[in-house]
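Residues per chain, in single letters:
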Amino acid sequence: MDLEGHLQRLVSLLEAERAADRKRFEDAAARLSLRERAARGMAVAEADPVEESGLSGRALVTYAAPAGREIGGTQIGIGSLVRVLPRRGPAEDAPTGVVARRTRGRISVAFDDAPPDWATEGRVALELLPSPVTHDRLVGAVRRMQEEPRWHPVLRGEALRFDEAPASAPGRSSLNAEQLRAVELAESAQDLALVHGPPGTGKTTVLVEIIRRAAARKVPVLACAPSNLAVDNLVERLVAAGVRPVRVGHPARVLESVLEHTLEARVREHEQGRIAANVLRDALRLRDAARKQRAKRGPGRFSESRAMEREARALFAEAREREDRAEADVLERAEVVLATLTGLDTPALRGRGFELAVIDEATQAVEPAAYLALLRAERAILAGDHLQLAPTVLSVEAQKGGLATSLFERIALAQPAAMVTLAEQYRMNDAILRYPNAALYGGALRSHPAVAKHAIDDAPLEVIDTAGRGFEEETPEASESKANEGEAALAAAEVERLLEKGLAPADIAVIAPYDAQVQRLRQMLPARVDQGLEVDTVDGFQGREKEAVVVTLVRSNEDGEVGFLADIRRMNVALTRARKKLVVIGDSATVSRHPFYEGFFRDAEKQGAWRSAWDRC
């Protein structure tokens, strides 16, 4: 492979992606009103401040929709950058912050500095902002990789090197044969190894064991993932395994259950951190006193004020120095440091290297994102499933150029010997596993006996065919998404059927490939959502599971257009989230024009799982 040409091409594709992201926001701002942007989920048109508190030293303001309505802003998630705007007229002091929490009716925003009074006292709007930081860091990673020869042989496609696995701490006896083989391959890798984890096969269990063994040998470990949620899941699993993690990242982007393990929390507990906090308080008091001194009348007030300000600046510098010392010591003592891939470019980790980097959900990261971890490590383990969700890429040019192909997928196809595929799944009933296993994994997966037959009733899989029922798809006003009112009503009815079987709302999920359908379902089932029912897009459920899942395929049209249902990796995620019961609702006359869905409906008939919508409503 021409590595230099490959790296230059990646930079060009990243610039195309940056341009597409910027154009999306510019077009929305130019063509759409605030309410139209809100209809697309890019803004919240009306929100009232209902609570003020703090989050790791930052101001936290919670906004709620008027009259208890759903707040909207579906593209605004935890970690999103938002601007708060007054409802009437522009504001030069419009503050920006990071979304720390969100529920159906509320969004909490963390501000580095206290927001202006109007942002906490009256009705406002929230506007999603593009963040150039991610693009800058990805391009920077490619530029640095051009100068880093350590990883050039791997990226060029040269054969990966393996030794004998080192003597390790006693392993977990509960690991199955493939999991144990994956751990051993990871420990013997001189360069890089892959752990392929199909749905429910215990990929994270393997990663935790790899990290636990490395920590027992005092090997410095860096663990990463593309998303904050995946990183936090890894933190929770490591804590449960007795490993001491330090989570690096903005507290607003971290789950509440993980906050005590963040770098900021550990620094506050550190002796130097406690001293720094006291010094900082003294500095703030001095600065306040200096302001008051300037406001007094009489001779000498300015010279005294300047002296106080000089002393305050010295105290601020001392506090920062002590915090830096505390950070360095906490990171040095950590058994494993965790962050998102794009969160690795932070001052706290500047110049810090690791012997081992572990990247979870690596198949959801564009190749340059993986570089951010590789550049800090001597060896790396990548884990994921290239037959589930791929990296999100907006630009058609970048997609065609290969930016949506992860480094994991590229190496898996070129060097299969560097990969172990986990084959025993611990999630779903055999009837649910059957079609994805045959269509995507070549029948290589098997079910653990404990889950093979577990079920809620005698029909673990039901495929409800709406063909001929008249449930036509529609495109809501000011939206590019799709909804299907008939399918939504049928899905809501199926949820009630499941509840009648004794399931709790929190045990059930409804998955739709389109956001407009998700919003319609949430409107239909508000009480159930409040009780714990989850309704979300496919992307929101990667790596998750529920006792029962209802999937609505949405597409129903005379032309047989299936849109991005044609991305069967996305549908693989939807079909493999259920443990004991899966209900799929769709129009076979439309979706079966695609061979994957034709096979799915045919297999459902063969299993006796096919149902007609005429018999359900």
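1. Focus on the sheet that holds strand β20 (residues 578-586)
Pairing is parallel across the open sheet formed by 6 strands, whose spatial order is β18-β17-β19-β20-β16-β21. Since the sheet does not close on itself, it has two edges, and those belong to β18 (534-537) and β21 (610-612), each with one partner. The sheet shows a mean angle of 20° between the axes of neighbouring strands, taken without regard to direction. Bridging between strand β17 (residues 508-512) and strand β19 (residues 546-552) involves 4 bridges; their strand directions are parallel. In the strand pairing of β19, Ala 509 is matched with Val 549. Across the sheet, helix α15 (residues 430-440) is in contact with β16 (461-465) and β20; its angle to β20 comes to roughly 60°. Across the sheet, helix α18 (residues 515-524) is in contact with β17, β18 and β19; its angle to β18 comes to roughly 165°.

2. So, α18
By the burial criterion, the buried members of α18 are Ala 516, Gln 517, Val 518, Gln 519, Leu 521 and Arg 522. Residues of α18 that are buried sit in contact with α17 (485-500), β17, α19 (526-530), β18 and β19.

3. What to know about the sheet that holds strand β1 (residues 43-55)
Here we have 6 strands rolled up into a closed barrel, ordered β1-β2-β5-β4-β3-β6, and antiparallel in their pairing. In this sheet, neighbouring strand axes are inclined to one another by 50° on average, regardless of whether the strands run parallel or antiparallel. Pairing of strand β3 (residues 81-86) with strand β6 (residues 124-128) involves 5 bridges; the strand directions are antiparallel. Pairing of Val 84 across the sheet is with Leu 126, part of β6.

4. So, unusual backbone geometry
The phi angle at Glu 361 is positive, at roughly 50°, despite the residue not being glycine. Mapped onto the secondary structure, Glu 361 falls in the loop between β11 (354-359) and α12 (367-374).

5. Things to note about the packing of α15 against helix α20 (residues 568-575)
The N-to-C vectors of α15 and α20 enclose an angle of 160°; their axes lie 10 Å apart at closest approach. On the basis of the axis angle, α15 is roughly antiparallel to α20. Considering only the axes of α15 and α20, their crossing is left-handed. Between α15 and α20, the contacting residues are Ile 432, Pro 436 and Leu 440 on the first element and Ile 568, Asn 572 and Leu 575 on the second.

6. Focus: helix α14 (residues 407-414)
Among the residues of α14, Leu 407, Phe 408, Glu 409, Ile 411 and Ala 412 are the ones counted as buried. In the core, the buried residues of α14 are packed alongside α5 (152-156), β7 (192-196), α12, β12 (377-384), β13 (419-421) and α20.

7. A short note on the environment of Asp 2
Position of Asp 2 among the secondary structure elements: in the segment before α1 (3-31). With relative accessibility at 55%, the residue Asp 2 sits in the exposed group. Linking Asp 2 and Val 139, residues 137 residues apart in sequence, is a C-alpha distance of 19 Å. At 3.2 Å, the side chain of Asp 2 and the backbone nitrogen of Gly 5 are in polar contact.

8. Observations concerning the pattern of salt bridges
On inspection of all chains with the given rule, the structure shows 58 salt bridges. A salt bridge links Glu 367 to Arg 410; the nearest nitrogen and oxygen atoms lie 2.9 Å apart. Of the two residues, Glu 367 sits in helix α12 while Arg 410 sits in helix α14, which places them 43 residues apart along the sequence. Arg 427 serves as the salt-bridge partner of Glu 545, at 3.0 Å between the closest nitrogen and oxygen. In this pair, Glu 545 is assigned in the loop between β18 and β19 and Arg 427 in the loop between β14 (424-425) and α15, connecting sequence segments 118 residues apart.

Reading the values: rules and limits
- For every chain, the first residue of its written sequence is number 1, and the numbers climb from 1 along that sequence.
- Only residues with pLDDT of at least 70 get local features here, since the model is predicted, and only at 80 or more are side-chain atom pairs given and counted; chain-wide, interface and lining totals rely on the full set of residues.
- Note that water and hydrogens are dropped before the side-chain values are worked out from all heavy atoms of the structure.
- Any two strands between which DSSP finds at least two bridges are classified as paired.
- The helix and strand labels rest on DSSP assignments: H or I over at least four residues marks a helix, E over at least two residues marks a strand, and numbering proceeds from the N terminus.
- Interaxial angle, 0 to 180 degrees, is taken between N-to-C directions of lines fitted to C-alpha atoms, where a helix line uses only the stretch in contact.
- We call two residues contacting when some pair of their heavy atoms lies within 4.5 Å.
- Only protein chains enter the calculation, and the probe is 1.4 Å; a residue is then buried if its accessible area is under 20% of its type maximum, exposed if over 50%, and partly exposed in between.
- Oblique is the label for any angle not under 35 degrees, not over 145, and not in the 65 to 115 range, which are roughly parallel, roughly antiparallel and roughly perpendicular in turn.
- Crossings are classed by handedness, with left-handed meaning an anticlockwise turn of the near helix from the far one by less than a right angle and right-handed meaning a clockwise turn.
- Side-chain atoms alone can form a polar contact between residues adjacent in sequence; in general such a contact is a pair of N or O atoms within 3.5 Å, and within protein one must be able to donate a hydrogen while the other accepts it.
- Whenever a carboxyl oxygen of Asp or Glu lies within 4 Å of a side-chain nitrogen of Lys or Arg, that contact is scored as a salt bridge.

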